[in-house]
Amino acid sequence: MQNEENVNMLEEKNGSKDERRASNISDSSESAYSSNGIAANLPNHHERKVSVRSYRLRRKIRKRKQMQRLVGKDGVCNVEHTHVKNLGIRLMSDMFTTLVDLRWRYNLTVFTLAYVLSWFLFSVLWILIAVTHGDLYYQTTNMTDPDREPCVENVATFTGAFLFSLETQTTIGYGGRSVTEACPHAIMVVVIQSVISCLIDAVMIGCIFAKIARPKKRAATLKFSRNAVIAQRDGQLCFMFRVGDIRNSHLFEAHLRTYLIRPRVTAEGEIIPLHSFNMDLDYDTGEDRIFLVWPIIVTHKIDENSPLYEYNARQLENADFEIVVILEGIVEQTGLTTQARTSYSPSEIMWGYRFSSSVVVLHSENDKQYDIDYSKFDQIYQVPDTPRFSPKELDLLDRKAAAAAAPSEPLENLRDFILKVMRESKIEELEKEQQDLDSRNRLYNRRVEALNSRDKTRYKSRSSEHLSVNRYVGKNTFPLVTTKSESMDRMLHVDDEDNHSRRSAGRNCSDGNVSPVSRESHV
């Protein structure tokens, strides 16, 4: 007893410290907001204490292994809404949904009371009509007036009025009671009661049918494994659980969602009692959509984006979270969407185990169908070589091993960088040389074109001189020469006659030598 008192005293002291720390954080945050000039609606000190106390209580319950589930194994959410203003008015504004959500015993009670009360109210109305018309016990008091006609035949007591109301609303019509023409207002009451009876039938029968056809009970045939496991699959730690459907009719568009729910304290000191972290089931690749004909093992890869990334086997035992699994699909018979839920606490997650694969059985080659053995649906077996480290620790170890196995990696990177720079410099040099060569070729081509143009001009000028010489000579000796070849022959003929001494000295045309005039003309 003394030890328990000491423990309680320590917890109270720690709680007071936590409260003081939380109050300091709240005060500092309020002062920060006020210094910035932002008038935000921050929680007061009392609400802050309640939040801190709730957070501390949750941690204490977790330490005692008595933590309350948010979602039960049967899918029921353990949440109760309290201190809601005008709750009854809000619920009655959506009366149909409220009636459908009621339990069967309350729903049947409302169903019965709706009819009985309507019969009773209209029976009171009928007895009032009889009293105002003087029809009560008219058979005994008005025997002398045989022409008197009551509003309703055989309604002289409250019992008779109740029976007439019942017969009118349910259209039984035994034939003993009926409305006469003596009271037009009684006929109007019959019309009103008939219309109200139709409305009551529509609402109440619709509620019963909607409650029967609800796909909520379809979730009772969707089965989740009792435990979840963490083991390696394809070299990576994975969170796994099994789901199956025990009906032969299947769900359309069945898909899964998984959330990890735990308390969270932000960097500013804000306490979020229930924060949900999404656990990816390979939504991008479509693996969250399942074909639920046989039991399937659903896998969540624990990577750096997973909320389980920092948990190892030892930390998992003392963790404070809950994993909620939601399965949704369309019921084949009704086309309505159903939802099945379950949850896994840290004590229900087995580290280093796998599910048994002997659920789907084919006994022989002659079997025309597979057998699903649900007695082994929750069966798991241990995997001894599963690492006890967290995925984060395993990634760090892999990086260190890779760095130790490749110590020269920085030098190789430096060498690759130097080679790359050298290749780029060589490419630049080649490009410059190519540009210089192109410029030289262009300059050479320009010079050749200039020389060709100059030679053409010189040829034109000299050919014009030859033509003038031919005209002069032709006036004296030869006729006018118009072509280049004829002028050249005439000039050679003149040279042969005038320069016989030169030709005799060895300047013969057969030796390949020509006169200066002919040489210039050839050029």
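An account of the accompanying structure is given in this report. Here the structure is a predicted model, which is why all the values come from computation and not from measurement. Position numbers for residues start from 1 in each chain and track the written sequence from start to end. Predicted model: local features are reported for residues with pLDDT of at least 70 only, side-chain atom pairs are reported and counted for 80 or more only, and whole-chain, interface and lining totals are derived from all residues. Excluded from the side-chain calculations are hydrogens and water; all other atoms, namely the structure's heavy atoms, are used.

### Remarks on the overall build of the protein chain
Broken down by element type, the protein chain carries 14 helices and 13 strands. Relative accessible area decides the class of each residue, using a 1.4 Å probe on protein chains only: under 20% of the type maximum gives buried, over 50% gives exposed, and in between gives partly exposed. Scored against the burial criterion, the 523 residues of the protein chain give a buried share of 28%. Only heavy atoms matter for contacts: two residues are in contact if any of them lie within 4.5 Å across the pair. Long-range pairs, those at least 24 residues apart, make up 68% of the contacts in the protein chain between residues at least 6 apart in sequence. Accessible area of the protein chain: about 35900 Å², with a carbon and sulfur share of 55%. Secondary structure elements follow DSSP: runs of H or I of four or more residues count as helices, runs of E of two or more count as strands, with numbering from the N terminus. Accessibility throughout is a Shrake-Rupley quantity obtained with a 1.4 Å probe, and a residue counts as covered only by protein chains that appear here.

### A few points about the pattern of salt bridges
For this document, the term salt bridge refers to a Lys or Arg side-chain nitrogen within 4 Å of an Asp or Glu carboxyl oxygen. Scanning the entire structure with this criterion turns up 9 salt bridges. Between D101 and R214 there is a salt bridge, with its nearest N and O atoms 3.9 Å apart. Residue D101 is located in helix α4 (residues 95–101), and its partner R214 is located in the loop between α8 (184–213) and β1 (222–224); the two are separated by 113 residues in the primary sequence. Its salt-bridge partner being E253, residue R289 comes within 3.2 Å of it at the nearest N-O pair. Of the two residues, R289 sits in the loop between β5 (271–278) and β6 (296–301) while E253 sits in strand β4 (residues 251–265), which places them 36 residues apart along the sequence.

### Structural notes on the state of the cysteines
Any two cysteine sulfur atoms within 2.5 Å of one another count as a disulfide. Per the counting criterion, the structure on display carries 1 disulfide. Across the disulfide from C151 sits C183; the S-S distance is 1.6 Å. The chirality of the disulfide connecting C151 with C183 is left-handed, given an S-S dihedral of about -55°. Remark: C183 occurs in the loop between α7 (158–170) and α8 and C151 occurs in the loop between α6 (138–141) and α7; sequence separation between them is 32 residues. Considered together, C151 and C183 belong to a single accessibility category, that of buried residues.

### Digging into the pairing of strand β2 (residues 228–233)
If DSSP finds at least two bridges between two strands, the strands pair. For β2 and strand β9 (residues 349–351), the ladder comprises 3 bridges, and the chain directions are parallel. Paired with I230 across the two strands is W351, which belongs to β9. Here β2 pairs with strand β3 (residues 236–245) via 5 bridges, running antiparallel. Counted as the bridge partner of R233 is Q236 from β3. Hairpin connection, β2 to β3: the antiparallel pair is bridged by 2 residues, and D234 has positive phi, about 60°.

### With respect to the side chain of E348
Relative to the helices and strands, E348 is located in the loop between β8 (337–344) and β9. Every residue in contact with E348, bar those within four places of it in the chain, is listed here: R69, K73, R226, N227, A228 and S343.

### Comments concerning the packing of helix α5 (residues 104–133) against α8
At a closest axis distance of 11 Å, the pairing of α5 and α8 adopts a crossing angle of 180°. Relative to α8, α5 is oriented roughly antiparallel. Polar here means any residue other than Ala, Val, Leu, Ile, Met, Phe, Trp, Tyr, Cys and Pro, which are nonpolar, and Asp, Glu, Lys and Arg, which are charged; Gly is therefore polar. The class makeup of the residues in the contact of α5 with α8 is 20 nonpolar, 4 polar and 2 charged. An axis is simply a line fitted to the C-alpha atoms; with a helix, the fit covers only the stretch in contact. Between two such axes, the angle follows the N-to-C directions and lies from 0 to 180 degrees. Under this scheme an angle from 65 to 115 degrees is roughly perpendicular, one under 35 degrees roughly parallel, and one over 145 degrees roughly antiparallel; angles in between are oblique.

### A word on a nonpolar patch on the surface
Taken together, F120, L121, V124, L125, L128 and F158 make up a surface patch of nonpolar side chains, about 520 Å² in accessible area. Ranked by residues supplied to the nonpolar patch, first place goes to α5 with 5 residues. Note on placement: L128 falls in helix α5. Exposure above 30% relative accessible area and no salt bridge define the residues that can form patches, which grow by joining like charges within 9 Å and nonpolar side chains of Val, Leu, Ile, Met, Phe, Trp and Tyr within 5 Å.

### Digging into the sheet that holds β4
One open sheet holds the 4 strands; their spatial order is β5-β4-β7-β8, and the pairing between them is antiparallel. Each having just a single partner strand, β5 and β8 make up the two edges of the open sheet. Within the sheet, the average angular offset between the axes of one strand and its neighbour, ignoring direction, is 25°. Direction of pairing for β4 relative to β5: antiparallel, over a ladder of 6 bridges. The residue of β5 that forms the bridge with V265 is I271.

### Concerning the nonpolar core
If you look at soluble globular proteins, the nonpolar side chains tend to sit buried side by side. Residues grouped as a nonpolar core are buried Ala, Val, Leu, Ile, Met, Phe, Trp, Tyr and Cys residues, joined through side-chain atoms within 4.5 Å. Within the largest apolar cluster, 36 residues are counted, with the highest numbers of intra-cluster contacts made by F239, L308, F321, I323, L327 and I349. Those residues within four positions of L308 in sequence are excluded, and the remaining contacts are F239, L260, M279, I302, F321, I323 and P391. In terms of nonpolar packing, the next biggest core, distinct from the first, is built from 13 residues, F122, W126, V155 and C183 among them.

### Brief notes about the packing of aromatic side chains
Ring geometry is summarised as follows: Phe, Tyr and Trp rings, the Trp one being its six-membered ring, pair when their centres sit within 6.5 Å, and such pairs are stacked at plane angles under 30 degrees, edge-to-face over 60 and tilted between the two. The final tally for this structure, using the stated rule, is 10 aromatic pairs. With a centroid separation of 6.5 Å and 75° between ring planes, the pair formed by F239 and Y344 is classed as edge-to-face. Within this pair, whereas F239 is found in strand β3, its partner Y344 is found in strand β8, the two being separated by 105 residues in sequence. Classification of Y344 as buried rests on a relative accessible area of 0%. By the ring-pair criterion, three or more aromatic residues cluster together here, those being F111, Y115 and W119. In this scheme, the term charge over a ring applies when either NZ of a lysine or CZ of an arginine sits within 6 Å of the ring centre and within 35 degrees of the ring normal. Directly above the ring of F377 sits R242, whose terminal nitrogen or CZ lies 5.8 Å from the centroid.

### Observations concerning the pairing of strand β7 (residues 322–331)
Burial analysis of β7 places 9 of its 10 residues in the buried class, the great majority of the element. In terms of strand pairing, β7 meets β8 through 8 bridges, oriented antiparallel. The residue bridging G329 from the neighbouring strand is T338, located in β8. Between the antiparallel neighbours β7 and β8 lie 5 residues, among them G335 with a positive phi of about 75°.

### Some thoughts on unusual backbone geometry
Excluding glycine, residues mostly have negative phi values, and the peptide bonds linking residues are mostly trans. One non-glycine residue, N86, lies in positive phi territory at about 55°. Positive phi values are uncommon outside glycine, yet D234 reaches one of about 60°. Topologically, D234 is positioned in the loop between β2 and β3. The class for D234 is exposed, based on a relative accessible area of 79%.

### Considering α5
Given a rise of 1.5 Å per residue, 30 residues ought to cover 44 Å, and the 44 Å separating the end C-alpha atoms of α5 matches this to within 8%. Within α5, burial applies to N107, Y115, S118, W119, F122, S123, W126, I127, I129 and A130. At its buried positions, α5 is contacted by α4, α7 and α8. A positive backbone phi angle near 75° is found at G134, which sits one or two residues after α5. Helix span, expected: 1.5 Å multiplied by one less than the number of residues in the helix.

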